[in-house]
Amino acid sequence: MTKVFQLVSAEPGAGLMTTALGVKHLFEQHGLNAGVFWPVGTANESLIHLVPVYSLEAFNLAVEEQRLYEVLEALAERFDALSQDHDVVCIIGLSEAAKLPQAREFNTLLAKSLNSQVIVVCSGAGTDAQQISSRIKLSLKSYHAINDRLLGVVLNKIGVPLDRHGRIRPDLGVSLDSDGKDYSAGLKAEQLQPLPVPMLGFVPWDQVNNRARVADLRSICDFEYLNEGEAKTRRISWLLVATRSVDTLTKNLKANTLIVTAGDRVDVLMMAALAEQRGVKLAGLLLTSGIQPSQQSIDLIKAALDSGLPVLETTERTYEVVSNFSSLFLDVPNQDEERFTALTNHVAAHLDRDALLKLTERSYKTQLSPAAFRYKLVKRAAQLDNTIVLPEGDEPRTLEAAQLCCERNIAKCILLGEPEKIRTQLKALNIDQHPNLQIVNPIESFHRYVETFVELRKHKGMTHSLATDILQEDRIMLGTLMLHCGDVDGLVAGAENTTAATVTPAFQIIKTKPGQSLVSSCFFMCLPDQVLVYADCAINPDPTSEQLADIAIQSAESAIAFGIEPRVAMISYSTGSSGTGSDVDKVIAATKLAKDKLPEVLIDGPLQYDAASVANVAKSKAPSSSVAGQATVFIFPDLNTGNTTYKAVQRSAGVISIGPMLQGLNKPVNDLSRGALVDDIVYTIALTSIQAGAN
């Protein structure tokens, strides 16, 4: 099984990208097929062959339009394809450098959606081991919502040169405290305070390979080239601001120095040109304040320009440029492959190899996230090529959902209704009818099912005349007969009809599967970090203990069919023997029956909801239970409890609920809430198609 590690940071400039690539490189060095997944980032041209799935602009737009769940579903699809081919995948979290307020929230959702384990990358910049320890702990605390997924910390850029204001200044060569004293000797791991997670990497600042190119100055100021020269290959080690006399400046002139000066300092131009000609290969010249040297001055330094000396001109003032200089070293531009490669090797060399390799050998608890569930639902349905009938064919949400299902190859859809009315609706919705979206006029087609209807219901007094009247009026009954006769593979309705109107024809015509004593329903509740099954929330008002056991078994089998590991909690107002009464006795009896009938599945009860779902509560209320605190299937004692609970969770927590899905029928018929959204209908159609495939 692919091991998934997500790298995140809680502070800008920690080196998230290079650390992720360093971890990948370490795995590759030891024979593992490792991949990198980059969900959101700067979508510029990349020489490291790594491009984000979403640009920051596209991601921000999706968040503004409240389409984050669509983003997560699309990422789950792309990630699934990548993970099939790798032993290990390193996910690059959304960087704090993006300055998005939702970065940590998104990283948390991403970890839950892709079922990843998390490594936090922190900056080792600073003068004090205690301060760095506190910063690491704050970073870990910011991801408390996924505390059970946190594997460890990589401390990066230890001993990075800072000025006395705490800004990164590699040109200083040393780090200075507030008194100007050098503290670049470096931090030792043993100086840090004890951490709640292991230290997986202790990466010192790499002064040589962290040098930015002259061309990268574009990230801190707008400039024009007076002479591009070797701007894409020359790197900046030192910064020299030419505010003093040439005599003083020459004493500090070294190779790889970027000289920043006003364009009218001809003396500085001459000094730079002479130094270049005498073998002191400068990084370049940056002329500020929009002052360009005369052509005569340019001609005088032509030899230096011809040798590759980059000369840049900006309208920004010297102070503004120098103030932003530290930003040049926070992140590596995607195009700088040489720097990326060198830093990746440097990071890999300073990671705890043994600790990281052991992480790839561990087993991790897996749970199906909502994004992965929805993606897999659509993917499986698309492989089946089934046809689903939608009796409420002129209902606008149903129309949109049917079109989407056809466009995404989820299913072929048949809309029942008056064709002209449906086409008018399609036009109003600006929808061009898909070739796989069929419109069937009930008035022209009902006669084919009259005899079948009479035969199936003659014991209830059905006549030819009565059947004709019903089928001309009741499109759900007509659709149900189409399903019975095999003309379609499933039926979805309820967007404008009651549950009774939707399911009664199924009870009368489709009936239960052999060996099933009843029909029940379940909802797939898409909580933020996992998908749970709730049952029965729509059909059986007050099931007996025998019926409750059957509902539990049906729901466990539904969970398995849709990729959820079933751990079944029989819900009651009592946990174990904490309460008494006939209602508790019913749940006790149902639990025993369900265990006897399905011994291979974990089933326990009675359990209160909090004991079933919250690990800390489970430890105190049901410490010996194999289900408590980690239930995935919740069986409610009656319809009153089940329906109220699912709606309370759905509305109060903003949870997407898919269903109700009917269980126990010979062929799939599924009901919609009358408040269903277009997406709800799309997923219910997908669900129905998968049920048909199983049949």
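Residues numbered from 1 in each chain as written. Predicted model: local features only at pLDDT ≥ 70, side-chain atom pairs only at ≥ 80, totals over all residues. Heavy atoms only, no water.

## Description of the overall build of the protein chain
Summing up its helical and strand segments, the protein chain has 26 helices and 24 strands in all. A compact globule built from 695 residues would reach a C-alpha radius of gyration of about 26 Å, whereas the protein chain, at 33 Å, exceeds it by more than 25%. Viewed in the frame of its principal axes, the protein chain has a C-alpha envelope of about 115 × 60 × 40 Å. Residues classed as buried in the protein chain amount to 55% of the 695 residues present. Accessible surface, the protein chain: about 29900 Å² in total, of which carbon and sulfur atoms supply 49%. (Helix = DSSP H or I, 4+ residues; strand = E, 2+ residues; numbered from the N terminus. Rg over C-alpha atoms; globule rule 2.2 N^0.38 Å. Buried < 20%, exposed > 50% of the residue type's maximum accessible area, 1.4 Å probe, protein only. Areas by Shrake-Rupley, 256 points an atom, 1.4 Å probe, with all protein chains shown as cover.)

## Focus on the packing of aromatic side chains
Overall, the coordinates contain 11 aromatic pairs when judged by the stated rule. Ring geometry for Phe523 versus Tyr646: centroids 3.8 Å apart, planes at 20°, classification stacked. Of this pair, Phe523 sits in strand 18 (residues 520-526) while Tyr646 sits in helix 25 (residues 639-652); the two residues are 123 residues apart in sequence, bridging distant segments of the chain. Of the residues examined, Phe523 reaches a relative accessible area of 2% and is grouped as buried. Each residue in the set Tyr534, Tyr609, Phe634 and Phe636 is aromatic and connected to the rest through ring pairs, giving one cluster. A cation over an aromatic ring shows up here: Arg218 above the ring of Phe223, its NZ or CZ 3.9 Å from the ring centre. (Phe/Tyr/Trp six-rings, centres within 6.5 Å; stacked < 30°, edge-to-face > 60°. Lys NZ or Arg CZ within 6 Å of the ring centre and 35° of its normal.)

## Re the sheet that holds strand 1 (residues 3-9)
Spatially, the 6 strands line up as an open sheet ordered 2-5-1-6-7-8, and their pairing is parallel. With one partner strand each, in any of the chains shown, strand 2 (34-37) and strand 8 (199-204) form the two edges of the open sheet. Strand after strand, the sheet turns through a mean of 20° between neighbouring axes, direction not considered. Inspection of the sheet shows strand 1 paired to strand 6 (residues 117-123) by 5 bridges, in the parallel sense. Following the sheet pairing, Ser9 is matched in strand 6 by Val121. (Pairing = 2+ DSSP bridges. Axes fitted to C-alpha atoms, helices over the stretch in contact; angles between N-to-C directions.)

## Section: helix 2 (residues 56-64)
Among all positions of helix 2, only Leu56, Phe59 and Ala62 are buried. Buried residues in helix 2, looked at end-on, bunch into an arc of 125°, giving them a common side. Among the exposed residues of helix 2, those pointing more than 90 degrees away from its buried face are Glu57 and Glu64. Two residues or fewer after helix 2 comes Gln66, characterised by a positive phi angle close to 55°. (Arc of directions from axis to C-beta.)

## Considering the side chain of Glu313
Along the chain, Glu313 turns up in strand 13 (residues 311-313). Despite its burial, Glu313 pairs with no opposite charge; the closest candidate is Arg218, at 9.5 Å N-O. Other than its neighbours up to four places away in sequence, Glu313 contacts Asp222, Phe223, Glu224, Leu226, Leu287, Gly290, Ile291 and Gln292. (Lys, Arg positive; Asp, Glu negative; His and termini not counted. Salt bridge = Lys/Arg side-chain N within 4 Å of Asp/Glu carboxyl O. Contact = heavy atoms within 4.5 Å.)

## Topic: the pairing of strand 2
Burial of strand 2 is two-sided: the residues Ala34 and Val36 facing one way and the residues Gly35 and Phe37 facing the other way are all buried. The pairing of strand 2 with strand 5 (residues 88-92) spans 4 bridges and is classified as parallel. Of the residues in strand 5, the one forming a bridge with Ala34 is Val88.

## Some details on the nonpolar core
By size, the foremost hydrophobic cluster in this structure holds 62 residues, and its most contacted members are Phe373, Leu377, Phe524, Val568, Met570, Ile635 and Ile685. Here the element with the most residues in this core is helix 26 (residues 678-694); it accounts for 8 residues. Mapped onto the domain boundaries, this core takes at least three residues apiece from domain 3 (384-510) and domain 4 (512-664). Once residues lying within four places of it in the same chain are set aside, the contact partners of Phe524 are Phe373, Val531, Leu532, Val533, Ser558, Phe562, Ile564, Ile656, Ser657, Ile658, Met661 and Leu687. Formed by 33 residues, the second largest nonpolar core is a distinct cluster that contains Leu21, Ala34, Ile119 and Val203. (Core = buried A, V, L, I, M, F, W, Y, C linked by side-chain atoms within 4.5 Å. Domains from an automatic or database assignment.)

## Things to note about unusual backbone geometry
A cis amide bond, omega -5°, links Gly605 with the succeeding residue Pro606. As for its position among the elements, Pro606 is in strand 21 (residues 602-607). Cis peptide bonds are those with omega within 30 degrees of zero, and the linkage from Gly659 to Pro660 qualifies with 5°. One can find Pro660 in strand 23 (residues 656-663). In this structure, Asn115 is a non-glycine residue whose phi angle is positive, near 55°. Checked against the element boundaries, Asn115 lands in the loop between helix 4 (103-113) and strand 6. The exposure class assigned to Asn115 is buried, which follows from its relative accessible area of 18%.

## Examining the pattern of salt bridges
The tally for this structure, following the rule as stated, stands at 28 salt bridges. Two residues, Glu230 and Lys281, come together in a salt bridge whose shortest N-O distance is 3.6 Å. Of the two residues, Glu230 is situated in the loop between strand 9 (224-227) and strand 10 (238-241) and Lys281 in the loop between helix 7 (266-277) and strand 12 (284-288); the sequence distance between them amounts to 51 residues. Since its relative accessible area comes to 27%, Glu230 is described here as partly exposed. Between Asp610 and Lys621 there is a salt bridge, with the nearest N and O atoms lying 3.2 Å from each other. Of this pair, Asp610 sits in helix 23 (residues 609-613) while Lys621 sits in helix 24 (residues 615-621), and the two are 11 residues apart along the sequence. Assessed through its relative accessible area of 30%, Asp610 is described here as partly exposed. Given the relative accessible area of 36%, Lys621 is considered partly exposed.

## Points about the UniProt feature "domain: DRTGG" (unreviewed entry) in the protein chain
As recorded in UniProt, the feature "domain: DRTGG" (unreviewed entry) lies at residues 217-324. For the annotated span residues 217-324, helix accounts for 31% and strand for 20% of the residues, and the straight-line distance between the end C-alpha atoms is 10 Å. (UniProt positions renumbered as here; feature names shortened; annotations may be inferred.)

## Focus: the side chain of His86
Mapping His86 onto the fold places it in the loop between helix 3 (68-83) and strand 5. For His86, a relative accessible area of 17% puts it in the buried group. There is a polar contact of 2.9 Å between the side chain of His86 and the backbone oxygen of Leu82. Excluding residues that lie within four positions of it along the chain, His86 makes contacts with Thr2, Asn33, Ala34 and Gly35. (Polar contact = N/O pair within 3.5 Å; in protein donor to acceptor, adjacent residues only side chain to side chain.)

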